[in-house]
Amino acid sequence: MTSPLLAPLREARFRALVAGRSLGDFGNAVAPFALAFAVVDLTGSAVDLGIVVGARSIANVLLLLFGGMLADRLPRSVILQGTETAAALTQGAIAASVLCGFASVPLLAGLGIVNGAVSAISLPAAASLTPSTVPSSLLAQANALVRLLSNVGRIAGAGVAGVLVAFAGSGWALAGNALLFLAAALAYRRIRLPRGDRASGSRPLAELADGWREFRSRSWVWLVVLQFMIVNAVNSGALLVIGPLVADDTFGRSGWGLALAVQTAGSLLGGILAAHWQPRRLLLFGVALILLDALPIFALGQTPYLLPLLAAMFLSGVAIEQFSVAWDVSLQENIPPDKLARVYSYDMLGSFVAMPLGQISAGPLAEHAGRQATLLGGAALVFGATALVLCSPQVRGLVRREPAGTA
């Protein structure tokens, strides 16, 4: 008998989707790790590191709504083929600059802007593609499996990135990253979507307004987005900017790569759990688990030793994955399919808009207030924002509209 978790793999389009997303996420796990240490090797400055990673996030935020509109109007698999190819080209250029010795902070930031723009166009298309590749009865299992297999790619990427950066250098890690994005583009070529899954129309502003009405009409949607505006800003500053610096001073770069891999291993377990058990109040359960996401930031600030950090990162990974499946299923069951990508784009815009601020401000805050105070304050913000959202009646009361199907 086929496991419920594996049942969506009977669909050819779904197999192509998970192949593309897994390869892309493998590459995305390598990219920030390698780029962070490329900047550290270049200047050693927390401020410069924040500028480089923040530049990518700014471009990502500015074009998310455009990406959502395109994904509701154009073939989503074609969008993903183009964006993965463009990501390969930009990462290849970054790798060449590092390997050939002409990298600079302005150059890395500029290429990061291009890469962020490409990612903004791809994210709503990738997030809204799953319902078009499986029957509705397999939606929860498909969301869990696509994230689980993507996390396998992230685990491999984090581990490979740590080894490559430690022993071969960040430039070679970035070069391998470019090849992974090309492989993802080839996988997406095998997906063909029905024309009925794409919206028609030629009034972009009206379409964006229509998506905004869908987004703001449900308080459980925008409240969770506000929560993740804070959670993502804190995490991006703590884990992308301060984390590598703490690692360099304590347990080393390979230890930091292991910590990222362990977090993704936790996500792997979280995906398995989410595929086999979906409570009726799935969103409430997922949001509550984000309280555990404060643990890695607390561990970095309070006890910057590897073993406590590994335990915290593992629990955080489980929590993030449980929430992510709950959130995807909640949106996909309650938002009309022809508006889903636009709602996803508003979700991503709100969730990501403060990330550049978190990344750019983390370095100066750590230098002036101290790393420990900055990290502990960030952990308190994550905990407090999550606790407030749990007070919402809509978040507590939202239930599954369809029972979890079995194959």
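Just so we're clear, the structure is a prediction, and the values are computed from it rather than from any experiment. (Residues numbered from 1 in each chain as written. Predicted model: local features only at pLDDT ≥ 70, side-chain atom pairs only at ≥ 80, totals over all residues. Heavy atoms only, no water.)

Okay, the overall build of the protein chain next. A tally of helices and strands in the protein chain yields 17 helices and zero strands. Radius of gyration (C-alpha) of the protein chain: 20 Å, near the 22 Å computed for a compact globule of 407 residues. Expressed as lengths along the three principal axes of its C-alpha atoms, the size of the protein chain is roughly 50 × 50 × 45 Å. In the protein chain, which comprises 407 residues, the share counted as buried stands at 58%. A separation of at least 24 residues holds for 89% of the contacts in the protein chain among residues at least 6 apart in sequence. Between the averaged position of the 27 positive side-chain charges in the protein chain and that of its 20 negative side-chain charges there is a distance of 9 Å. (Helix = DSSP H or I, 4+ residues; strand = E, 2+ residues; numbered from the N terminus. Rg over C-alpha atoms; globule rule 2.2 N^0.38 Å. Buried < 20%, exposed > 50% of the residue type's maximum accessible area, 1.4 Å probe, protein only. Contact = heavy atoms within 4.5 Å. Lys, Arg positive; Asp, Glu negative; His and termini not counted. Charge placed at Lys NZ, Arg CZ, Asp CG, Glu CD.)

Bringing the pattern of salt bridges into the picture now. As enumerated under the stated definition, the model contains three salt bridges in all. In this structure, the salt-bridge partner of Glu214 is Lys339, at a minimum N-O distance of 3.4 Å. Highlighted residues: Glu214 in helix α8 (residues 204-216) and Lys339 in the loop between α13 (306-334) and α14 (340-352), separated in sequence by 125 residues. With respect to burial, Glu214 and Lys339 carry one shared label: buried. A salt bridge links Asp249 to Arg371, with the nearest nitrogen and oxygen atoms 2.7 Å apart. Linking Asp249 in helix α9 (residues 219-249) with Arg371 in helix α16 (residues 371-389), this pair joins segments that are 122 residues apart in sequence. Residue classification places Asp249 among the exposed residues on the basis of a relative accessible area of 55%. Given the relative accessible area of 32%, Arg371 is considered partly exposed. Taken together, the shared-partner salt bridges connect Glu214, Arg218 and Lys339 into one network. (Salt bridge = Lys/Arg side-chain N within 4 Å of Asp/Glu carboxyl O.)

Now for the packing of aromatic side chains. Tallied over the entire structure, the rule returns six aromatic pairs. When the ring of Trp220 is compared with that of Trp327, the centres are 5.8 Å apart and the planes differ by 80°; the resulting orientation is edge-to-face. Here Trp327 lies in helix α13 and Trp220 lies in helix α9, a separation of 107 residues in the sequence. Both residues of the pair, Trp220 and Trp327, belong to the buried class. A network of ring pairs unites the aromatic residues Trp220, Phe228, Phe323 and Trp327 as a single cluster. (Phe/Tyr/Trp six-rings, centres within 6.5 Å; stacked < 30°, edge-to-face > 60°.)

At a closest axis distance of 7 Å, the pairing of α9 and helix α15 (residues 355-369) adopts a crossing angle of 50°. The angle between α9 and α15 places the two elements in the oblique class. Between α9 and α15 lies a crossing whose hand is right-handed. Here Asn232, Ala233, Ser236, Gly237, Leu240, Val241 and Ile242 of α9 come into contact with α15, specifically with Met355, Gly358, Gln359, Ala362, Gly363 and Ala366. (Axes fitted to C-alpha atoms, helices over the stretch in contact; angles between N-to-C directions. Parallel < 35°, antiparallel > 145°, perpendicular 65-115°, else oblique. Left-handed = near helix turned anticlockwise from the far one by under 90°.)

In this section: helix α11 (residues 282-289). Residues lying three or four places apart along an α-helix face the same way, a consequence of the helix completing one turn every 3.6 residues. If you check which residues of α11 are buried, you get Leu282, Leu283, Gly286, Val287 and Leu289. Looking down the long axis of α11, one finds its buried residues gathered within 160° of arc, a one-sided arrangement. Residues of α11 that are buried make contact with α9, α13, α16 and α17 (393-397). (Arc of directions from axis to C-beta.)

Here Gly169 is to be found in the loop between α6 (139-167) and α7 (170-188). Taking relative accessible area as the criterion, Gly169 reaches 23% and is therefore assigned partly exposed. A sequence separation of 207 residues divides Gly169 from Leu376, and the C-alpha atoms of the two residues are 31 Å apart.

Let us look at helix α4 (residues 76-99). Taking 1.5 Å of rise per residue, the 24 residues of α4 would be expected to cover 34 Å, and the 34 Å separating its terminal C-alpha atoms lies within 8% of that figure. Phi turns positive one or two residues past the end of α4, at Gly101, with a value near 85°. (Expected span 1.5 Å × (residues − 1).)

Taken together, the side chains of Ile58, Leu62 and Ile360 define a hydrophobic patch exposed on the protein surface, amounting to about 280 Å² of accessible area. For Ile58, a relative accessible area of 37% gives the class partly exposed. (Patch = residues over 30% accessible without salt bridge, like charges linked within 9 Å, V, L, I, M, F, W, Y side chains within 5 Å. Areas by Shrake-Rupley, 256 points an atom, 1.4 Å probe, with all protein chains shown as cover.)

Tracing the chain through its elements places Ser316 in helix α13. Ser316 gets classed as buried once you look at its relative accessible area, which sits at 0%. Residues in contact with Ser316, not counting those within four places in the same chain, are Gln263, Leu292, Asp293 and Pro296.

The next point concerns the nonpolar core. Note that soluble globular proteins tend to have their nonpolar side chains buried in a common cluster. Grouped together as the largest cluster of nonpolar side chains are 80 residues, with contacts concentrated most on Trp256, Trp327 and Leu331. The leading source of residues in this core is α9, at 14 residues. Taken together, domain 1 (11-193) and domain 2 (204-401) each give at least three residues to this core, which thus spans both. If we ignore the near neighbours within four places in the chain, the residues touching Trp327 are Trp220, Val221, Val224, Val225, Leu283 and Asp347. (Core = buried A, V, L, I, M, F, W, Y, C linked by side-chain atoms within 4.5 Å. Domains from an automatic or database assignment.)

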